[in-house]
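Chains, contacts and geometry: an overview
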Amino acid sequence: MSKAIYSLPDNRKLKLCDDVLKMMFSYAQDHKKSPESGGILIGRILNCESHIVVDDASEPMKSDVQTRYRFIRKSVGHQEFFNEHWENSEGRCYYLGEWHTHPEANPTPSIIDKQEWGKLLYESIQDQNQLYFIIVGTKTLVIWYGERKVSGNTFLRIGSFNRNDIQN
Ligand SMILES: [Zn+2]
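Definitions and cut-offs
Residues numbered from 1 in each chain as written. Predicted model: local features only at pLDDT ≥ 70, side-chain atom pairs only at ≥ 80, totals over all residues. Heavy atoms only, no water. Donors = N, O, S within 2.8 Å, 3.2 Å for Na, K, Ca; no water. Tetrahedral: all angles 85-135°; square planar, octahedral: opposite > 155°, others 65-115°. Helix = DSSP H or I, 4+ residues; strand = E, 2+ residues; numbered from the N terminus. Buried < 20%, exposed > 50% of the residue type's maximum accessible area, 1.4 Å probe, protein only. Polar contact = N/O pair within 3.5 Å; in protein donor to acceptor, adjacent residues only side chain to side chain. Contact = heavy atoms within 4.5 Å.

For the protein chain, the name recorded in an unreviewed UniProt entry is Mov34/MPN/PAD-1 family protein, with Paenibacillus gallinarum as its organism.

Here we take up the coordination of the zinc ion. Taken together, His100 (NE2), His102 (NE2), Asp113 (OD) and Asp113 (OD) make up the protein donors of the zinc ion, found 2.0 to 2.5 Å from the metal. What the four donor atoms of the zinc ion show is an angle range of 56 to 154° at the metal, which sorts the shape as irregular. Read from N- to C-terminus, the donor residues coordinating the zinc ion fall into the pattern H-x1-H-x10-D. Placement of His100 in strand β7 (residues 94-101) and of Asp113 in helix α3 (residues 111-123) is noted, with a sequence separation of 13 residues between them. The exposure classification of His100 matches that of Asp113, with both residues buried.

Now for the side chain of His100. Looking at His100, the relative accessible area reads 9%, which means it is buried. At a separation of 3.2 Å, a polar atom in the side chain of His100 contacts the side chain of His102. Within the structure, the side chain of His100 is placed 3.1 Å from the side chain of Asp113, a separation counted as a polar contact. With residues up to four places along the chain from it excluded, the contact list for His100 reads Glu36, Ser37, Gly38, Phe71, Asp113, Trp117, Ile134, Ile135 and Val136.

Right, here's the structure in full:
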């Protein structure tokens, strides 16, 4: 059972599944030359109380740009990954946001990250103006809740997960 459960500002909960945590940490930038990696977050919104479960995420694709300090996701591959899920779940899955790695122990978003996140919120065609953003450091992973508002975007840090707490 995943310990990665976080409270959202509207009292709903967000859960990250074990397999997703494991996959993301498998790309942690442990070595001097490890490049940044990333992908999209996919999940479900539970019927009863609208809690959110992130139960899958895409991995870096060949067409993405991966350097030590930059990850640029191209839609090719990630879109197909999403479509496949969408079909398998009979349309009951959602694009929930993005993840990427940083070469630091406890990550914080760069100015470019926040600009990118803002763009994704703007482009997001969901009726809810919310997305989730994860940065995977070498020790902890941190999750931000992004909300699109008329007055500007807000990014709220909702929690973190320690790599040592992964269940094997
Ligand atoms: Zn970044």
